[in-house]
Structure formats: structure tokens, C-alpha cells
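Here is what each chain is made of, one letter per residue.
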Amino acid sequence: MPLQVSDYSWQQTEAAVFISVPLRGVSIRDADVFCTESYLKVNSPPFLFEVFLYAPIDDENSKAKIGNDTVVFTLYKKEAAMWETLSLSGVDKEMMQRIREKSILQAQERAKEAMEAKAVARREDQKYALNIMMKIEEEKRKKIEDMKENERRKATKELEAWKEHQSKAEEQKRIQREEELRQQEKQMEEEREKVKHKSLTRNSTSRNLTIKGRNSENMFFEKLKEDSIPAPRSVGSIKINFTPRVFPTALRESQVAEEEEWLHKQAEARRAMNADIPELSDLKEEEKNPEWLKDKGNKLFATENYLAAINAYNLAIRLNNKIPLLYLNRAACHLKLKNLHKAIEDSSKALELLTPPVADNANARMKAHIRRGTAFCQLELYIEGLQDYEAALKIDPSNKIVQNDAEKIRTIIQGTELKS
């Protein structure tokens, strides 16, 4: 049979009641404390202390402090007034039992309401996470469509430019051929005029001379025949145009596909640079480099200055939004600051940029999955978190740390299903 504690003391003000309950010779930290608005109980075998309070109290804000073999209660009254006694007078056993049962029912009802509120909050978080994932998928689909449309427009524009260039080249060649033909016709006309002029001169001379012998006449006609041979053509030049090439190697030695891909990536990087940012006006030239800003953010992260690191990554992303490590590092900062939804968004963006999946970006993809999975688990979305951890294990199946974390998440999910 428990021993009733009777050597307690209590004091009061108009707003609060202070009770000191001594429990000597027992482990007071194992004491079971139960408090409602009209009932207070402390059970620490073999001692038992209970009191049926004189007036209702605010049990949610009331406090209990355990230490030095004593439990000290600070009970706040619902109505400011001085109590005549601590406990109700004239309470029989039946009334005590009713008060106990009522207090237990009230405690159970409050616990049920708290569980329901927690379940509602969890459902809201799941709904929010689902909306975020749907939004990310929609944005990804839209970006793919925009990328296809941009590539189509670019190809069409390049084809039109090529056709225009070919048309201009053909027109230039046609003009050049016509000019050469005119020059040749002009030269031939000049030659004909020269021959005609010589022929007229010789005919006039032959009429004034006496008739000579047959041999002289033959010599004259032989000389005239020699003079009638046209002069050699004048020296001309032929213009040859070569197709311009960015790379100096010969076509038979170059790899056209790799060269075109390199040029495309360089053009994308140049287009991604945004120098028209007002914040850059006061920065040095090296501070306008996204890589320099990324290294600066990494150093700030190492010193646990996460907000400053986020600012560095933000400016680097504004300069070039195609670097996946900027989003991956900013996700780590958001995890440290408990900005879980932002960590999910940045990890998803990093995974979107880390395509196609190759060996060079395997480590970054694994980190992105782990950080997004960690954020899901801290939001108590363990199924989504487990999916990211399993994706990380597909990249590196021998990672023991990731294996252990995934097993812990499975255990939590199984425990939740058993409770439900």
C-alpha cells in the first residue's frame, strides 16, 4: 500500500499556487506526475501524493521542477483569487473516484486532439511536398519543351543564314563571271580593231607600189599572214574563297561532332553570363566570376556562416544558372538552417542540371539525392526520403553510411505502419 505524503508545504498568490512535495530516499527522477485542472498526483513508489484542488488551474501552462529529493509545482489559477485551502474539503471516496476518472478522460481527450493535430500537420506537409514535386516536374517538362523550341528556332535561323550566305556567294560569283566575260570581249574587240587597222594600212601601201614579181607578192602575203595572228591574252587572276573554320586543323584530322559540341557549350556559357546586374558595379573583376563566388561560399560554409554563403551562391547563380554545384552547395546551407523546402528545391535543380548521368558527375548526383532525402525525412516524409537514399545507393552500392541510413529509414517506416 502506498505511503501518503503529508509533510508537503504550499504558498499562494492571487495568480498562482506553489507546492513543495518532499520524496526522500527514492529516485525522484522516476516519479510519475499527472496534472489536470482540478487534480494533481505524484506517484513515486512507495510514496503517493494527490490533491483535489480547491479551484481550477491552467494545467497547460503550469510547471513542475524535480530535484534535491523534492518536486516543486507552480500552478497558475484560471481565476485570480485567494484560496481558502489547497484541497477541497468534504470529498468522499466516490467523489474522489469521479474526479480521477474525469481527469483521466480529459487527459486522453487532449492527447487524442494533439495526435489529430499532428496528423493534420503531417498531411499538410505531405500535400505541400507533393505540390512541390508536381511543380518541379511541370517546370522540367516546360523547360524541355522550351529547349526543343529554342533549338528548332536556332536551327531554322542558321539554315536561313546559310541559304542567304550561299545566295550572296552565288550572286558574287555571277557578277565576277560577267565582269571577266566583259573584259575578254573588250580585249577581243581591241584586237580586232588593231588587225583591221593594220590591214587597211597595208592595202593602201600596196596600191602605190609597182607590180613586182611573183616571189615578192608571195613574200608580201606571207608577211601579212604572220601579222594577222592575234596577240596573246592578257594575264588574269582567279579568286578562290575557302570556307572559314574555327579550328586550325585540317578537316580530315578533326572530329567535327566533338568540335561542334564544344562550340555549342561555349556559346551556352556565354549566353548564361549576365553582366547587367546592379550589384556588380562595385565589385572587382575577379569577384564577378561564378567560380570565385562558389569558392567564397565554400569557405563561408566551412566557418558555419551559412547566410553569407547563401548570398555568395545566390549572386553566382544570377551570373550563371547552369552550374549544378551552386545549387547543391546552397541546398547544404538550407539544410543547416532548417529551410527544408528550399533544400528540396535546390537539390532537385542540381539533379536536373546533372544530366546526362555519367561517371564524372556520379558523386554530385549522389550528394543531391542524399540531401533531398535528408530534407524529406526531417519533414517526416520517410517514403520520399527512402526513395532518394535508394537512388544514391544505385550510384554507389558499397557506401556503408548510406546503407545504414537507408536501413534506419526503413525501420521508421515499418514502425509507423505497425502503429497505424
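- Going by an unreviewed UniProt entry, the protein chain carries the name Dynein axonemal assembly factor 4 and comes from Camelus ferus.

## Quick look at the sheet that holds strand β8 (residues 70-76)
Now for step 1: Pairing within the open sheet is antiparallel, and its four strands lie in the order β2-β3-β8-β7. Edge positions in the open sheet fall to β2 (9-12) and β7 (63-67), since each of these has one partner strand only. Pairwise comparison of adjacent strand axes, ignoring direction, gives a mean angle of 15 degrees for this sheet.
Now for step 2: Direction of pairing for strand β3 (residues 16-22) relative to β8: antiparallel, over a ladder of seven bridges. Residue pairing in the sheet places Ala16 in a bridge with Tyr76 of β8.

## Observations regarding the nonpolar core
A general trend in soluble globular proteins is that nonpolar side chains are found buried together.
Now for step 1: Residues Leu293, Ala309, Tyr313, Leu326, Leu328 and Cys333 are the most contacted members of the largest nonpolar core, which totals 20 residues.
Now for step 2: Only α4 (290-302), α5 (306-319), α6 (324-336), α7 (340-353) and α8 (362-378) provide two or more residues apiece to this core.
Now for step 3: Each residue touching Leu326, except ones within four places of it in the same chain, is listed here: Lys294, Tyr313, Ala316, Ile317 and Asn320.
Now for step 4: Ranked by size, the runner-up nonpolar core spans 18 residues in total, among them Val17, Val51, Trp83 and Leu86.

## Focus: the side chain of Ser103
Now for step 1: Position of Ser103 relative to the elements: it lies in helix α1 (residues 93-208).
Now for step 2: By relative accessible area, Ser103 is classed as buried at 1%.
Now for step 3: A polar atom in the side chain of Ser103 sits 2.8 Å from the backbone oxygen of Ile99.

## Overview of the sheet that holds strand β1 (residues 3-4)
Now for step 1: Ordered in space as β1-β6-β5-β4, the four strands form an open sheet in which the pairing is mixed. Strands with a single pairing partner mark the edges of an open sheet, and in this sheet they are β1 and β4 (32-35).
Now for step 2: In the sheet, β1 pairs with strand β6 (residues 47-52) via two bridges, with the strands oriented parallel. Along β6, the bridge assignment pairs Gln4 with Leu48.

## Structural notes on the pairing of β6
Now for step 1: Counting buried positions over the six residues of β6 gives five, a clear majority of the element.
Now for step 2: Bridge count for strand β5 (residues 39-44) against β6 is six bridges, and the pairing is antiparallel. Along β6, the bridge assignment pairs Tyr39 with Phe52.
Now for step 3: The hairpin formed by β5 and β6 contains two residues between the paired strands.

About the thresholds
Residues numbered from 1 in each chain as written. Predicted model: local features only at pLDDT ≥ 70, side-chain atom pairs only at ≥ 80, totals over all residues. Heavy atoms only, no water. Pairing = 2+ DSSP bridges. Helix = DSSP H or I, 4+ residues; strand = E, 2+ residues; numbered from the N terminus. Axes fitted to C-alpha atoms, helices over the stretch in contact; angles between N-to-C directions. Core = buried A, V, L, I, M, F, W, Y, C linked by side-chain atoms within 4.5 Å. Buried < 20%, exposed > 50% of the residue type's maximum accessible area, 1.4 Å probe, protein only. Contact = heavy atoms within 4.5 Å. Polar contact = N/O pair within 3.5 Å; in protein donor to acceptor, adjacent residues only side chain to side chain.

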